[in-house]
Amino acid sequence: MDHRRVLLAVSGGIAAYKVPELVRALRADGHEVRCVLTRSAAEFVSPLALQTLSGSRVRAELFDAEQEGEIDHIALADWADLVVVAPATAHVLARMAHGLADDLVTTLLLATRAPVLVAPAMNVNMWAHPATRANVESLRGRGVLFVGPASGPLACGWEGEGRMAEPAEIAASVRLALGPASLAGRRVVVTAGGTREPLDTVRALTNRSSGKMGFAVAAEAARRGAEVVLVAGPGGLATPAGVRRLDVETALEMREAVFAELPRADALVMAAAVADFRPAERAEHKIKKEDLPEDAAPTLALVRNPDILAEASRRPGRGVVVGFAAESRDVLAAAQRKLERKGCDLLVANDVSRADAGFDSDSNAVSFVWPGGDVEELPLLSKSEVAARLWDRVEKLLGSGA
Ligand code: CTP
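The numbering scheme is per chain: residues are counted from 1 as the chain's sequence reads. With pLDDT at 70 or above as the cut-off, local features in this predicted model cover only qualifying residues; side-chain atom pairs require 80 or more to be listed or tallied, and sums for whole chains, interfaces and linings still use all residues. Only hydrogens and water are set aside when side-chain values are computed; all heavy atoms of the structure are taken into account.

Caption draft 1: Layout of helix H5 (residues 90–97). Here the term buried applies to any residue with accessible area under 20% of the maximum for its type, exposed to any over 50%, and partly exposed to those in between, with areas from a 1.4 Å probe on protein chains only. Per the convention used, a helix needs a DSSP run of H or I reaching at least four residues, while a strand needs a run of E reaching at least two, with both numbered from the N terminus. A large share of H5 lies buried, amounting to six of its eight residues. For H5, the full list of buried residues reads Ala90, Val92, Leu93, Arg95, Met96 and Ala97. Immediately beyond the C-terminal end of H5, within one or two residues, lies glycine 99, with a positive phi of roughly 70°.

Right under this line is the structure:
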């Protein structure tokens, strides 16, 4: 198992008594573990026990002159490959959801760019309360991972959902969340979403791409330890953990961002739905009807946008280049022609005429189309699963020095 760094944040619930067992399980998996505590956590678990088992100093105070000298709290947030909050009380979930930074644990959670895995533990009614539900939803929306809570008798005397997941189960979720680290040391560029090509100050040409597929590709690469730059078209999706995001609007801006990053990249995945055409002119002010003859409509003149994928594929010394193809009929043949025209190493073809796949869906049914005519048809999968299969293939290409 790879040697990864887990920052374990412990908050003050009775389930904290199980944390020493969790530390042991994480160490047994080969992880390096450091523990930080909220002030009330120390009422439920001995800092000395955690220190002994983790083999490293336990911290509870944000401003501790002695310990800041050793490793300051921002360095600690940066150190982590994964932050685990176990147990996570309703209070800590609320503070996380609202972005508070009023102690060491919440400050670290706000400062870290690592993925966060949360193991909630609380009274059944607190877990079911709309306030907690809203906080959990908001955290999930930002990509925070959850394990548990389980159902059963609770320390408070109630019975129901609220028990912290068992240490072995949390350790298994940590293994999953950390992934195989198979892209450690690699730099990858991923594009996502549609582009928006302005006509004037208020109108634009755009397309239906949600960006979900590209964001899933970026998230999976980060999970596997790559340094990821995500060049994202307009859209409201949360930035995946550990990903550097560059927001762009037009195809020309996307091209510029991609080529600025490309020289240092081992791989480029063009999941974006780049607009092929843009208005020939962008009016400086809103186009007004009163400036036109009665009942007349302006004629829209379009010009071609550069093809980023084709251009990247032609660059000497480039890394692996992967394209996507949104097709609505004769999918595989069209994708094969597109692959040859663009010159990339792999094309992910998807049939956007299906309702359960493609635009804005959480699932996708794709085929991997290879130069020379080989095709792998994948079943309907979640976009995260498609992303995992995609990186499995790219890793092989990287390994073979493509
Ligand atoms: N692409 C690109 N630059 C463009 C257009 C597309 O880099 N100006 C990339 C997309 O990111 C995708 C691939 O090319 O990886 C294929 O996109 P798609 O829209 O399916 O193909 P087009 O080249 O636009 O062909 P057509 O629309 O004619 O099918």
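Caption draft 2: Expanded view of the site of the ligand. The rule for a residue being near a molecule or strand is that one of its heavy atoms must lie within 4 Å of it. If you check the shell around the ligand, you find 15 residues, and the closest are Met270, Ala272, Asp276, Lys338 and Lys342. Interatomic distance of 3.1 Å between a backbone N/O atom of isoleucine 308 and a nitrogen atom of the ligand. The term polar contact refers here to a pair of N or O atoms within 3.5 Å; inside protein, the definition further demands a hydrogen-donor-capable atom paired with an acceptor-capable atom, and it admits residues adjacent in sequence only when both atoms are side-chain atoms. At a separation of 2.5 Å, an oxygen atom of the ligand approaches a polar side-chain atom of lysine 342. Shrake-Rupley sampling with a 1.4 Å probe provides the accessible areas, and residues are treated as covered by the protein chains on show and by no other component. Contact with the protein chains hides 79% of the accessible area of the ligand, taken as 570 Å² for the molecule alone. When atom positions are compared with the pocket grids, the ligand is found to occupy the second largest pocket. Elements with a contribution of two residues or more to the shell around the ligand: helix H12 (308–314), strand E16 (320–327) and helix H13 (331–342). Sorting elements by how many residues they give to the shell around the ligand places E16 first, with four residues. Its residues placed into classes, the shell around the ligand shows 10 nonpolar, one polar and four charged. Of the two site types, the cavity is a set of points on a 1 Å grid over the protein atoms alone where a 1.4 Å probe fits but cannot get out, and the pocket is an open set with protein on both sides within 12 Å along at least five of seven lines, each lined by residues with an atom within 4 Å of a point. Cavity and pocket membership follows a simple rule, namely that a molecule belongs there if more than half of its atoms are within 2 Å of the grid points. Side-chain classes follow a simple rule in which Ala, Val, Leu, Ile, Met, Phe, Trp, Tyr, Cys and Pro form the nonpolar group, Asp, Glu, Lys and Arg form the charged group, and the remainder, Gly included, forms the polar group.

Caption draft 3: Up close: the pattern of salt bridges. Each salt bridge in this description consists of a side-chain nitrogen of Lys or Arg and a carboxyl oxygen of Asp or Glu lying within 4 Å of one another. For the structure shown, the criterion picks out 27 salt bridges. The partner of arginine 175 in a salt bridge is aspartate 29, and the shortest N-O contact between them spans 2.5 Å. Taken together, the residues arginine 175 in helix H9 (residues 167–178) and aspartate 29 in the loop between helix H1 (19–28) and strand E2 (32–37) connect sequence positions 146 residues apart. Look at aspartate 29 and you get buried, because its relative accessible area is 16%. Bridged by salt links that share partners, the residues Arg187, Glu227, Arg244, Glu261 and Arg264 form one connected network.

Caption draft 4: Region of interest: empty space enclosed by the protein. Grid points are joined across faces, edges and corners, and a volume is the space filled by probe spheres set on the points. Summed over the entire model, instances satisfying the criterion amount to one cavity of 30 Å³ or more. Together, 13 residues line the largest cavity, and Ser210, Phe215, Gly233, Pro234 and Gly235 are the ones closest to its centre. The residue makeup of the lining of the largest cavity, split by class, is four nonpolar, eight polar and one charged.

Caption draft 5: Layout of the environment of proline 20. Structurally, proline 20 can be placed in helix H1. Note on proline 20: relative accessible area 17%, which makes it buried. Separated by 108 residues in the primary sequence, proline 20 and alanine 128 place their C-alpha atoms 28 Å from one another. Excluding anything up to four places from it in sequence, proline 20 contacts Val45, Leu50 and Leu53. By definition in these notes, contact holds between two residues if any of their heavy atoms fall within 4.5 Å.

Caption draft 6: Here's a closer look at the side chain of threonine 107. Mapped onto the secondary structure, threonine 107 falls in helix H6 (residues 104–111). A polar atom in the side chain of threonine 107 sits 2.6 Å from the backbone oxygen of aspartate 103. Those residues within four positions of threonine 107 in sequence are excluded, and the remaining contacts are Leu62, His73, Ala101 and Asp102.

Caption draft 7: Spatial organisation of a nonpolar patch on the surface. Every patch collects residues that have over 30% relative accessible area and no salt bridge, joining them within 9 Å if they carry like charges and within 5 Å if they are nonpolar side chains (Val, Leu, Ile, Met, Phe, Trp, Tyr). A cluster of nonpolar residues, Ile14, Tyr17 and Phe44, forms a patch on the protein surface that exposes about 320 Å² of accessible area. Structurally, tyrosine 17 is set in the loop between strand E1 (5–10) and H1. By relative accessible area, tyrosine 17 is classed as exposed at 55%.

Caption draft 8: Local environment of the nonpolar core. Residues enter a nonpolar core if they are buried and are Ala, Val, Leu, Ile, Met, Phe, Trp, Tyr or Cys, with the set joined through side-chain atoms within 4.5 Å. Grouped together as the largest cluster of nonpolar side chains are 36 residues, with contacts concentrated most on Val190, Val217, Val228, Leu390 and Trp391. Broken down by secondary-structure element, the contributors of at least two residues to this core are strand E8 (187–192), helix H10 (212–223), strand E11 (227–232), strand E13 (267–270), E16, strand E17 (346–351), strand E19 (366–369) and helix H14 (383–399). Excluding its chain neighbours within four sequence positions, the residues that come into contact with leucine 390 are Val217, Val269, Val322, Phe324, Leu346, Val348 and Phe368. With 30 residues, the next largest nonpolar core counts Leu8, Val10, Leu37 and Leu178 among its residues.

Caption draft 9: Region of the structure containing the pairing of E8. Taking burial as the measure, the six residues of E8 include six buried ones, the bulk of the element. Because side chains alternate across E8, one face comprises the buried residues Arg187, Val189 and Thr191, and the other comprises Val188, Val190 and Ala192, equally buried. Pairing between strands requires that DSSP locate at least two bridges from one strand to the other. Where E8 and E11 come together, six bridges link them in parallel fashion. Looking at E11, one finds that arginine 187 is bridged to glutamate 227. Across four bridges, E8 lies against E13 in parallel orientation.

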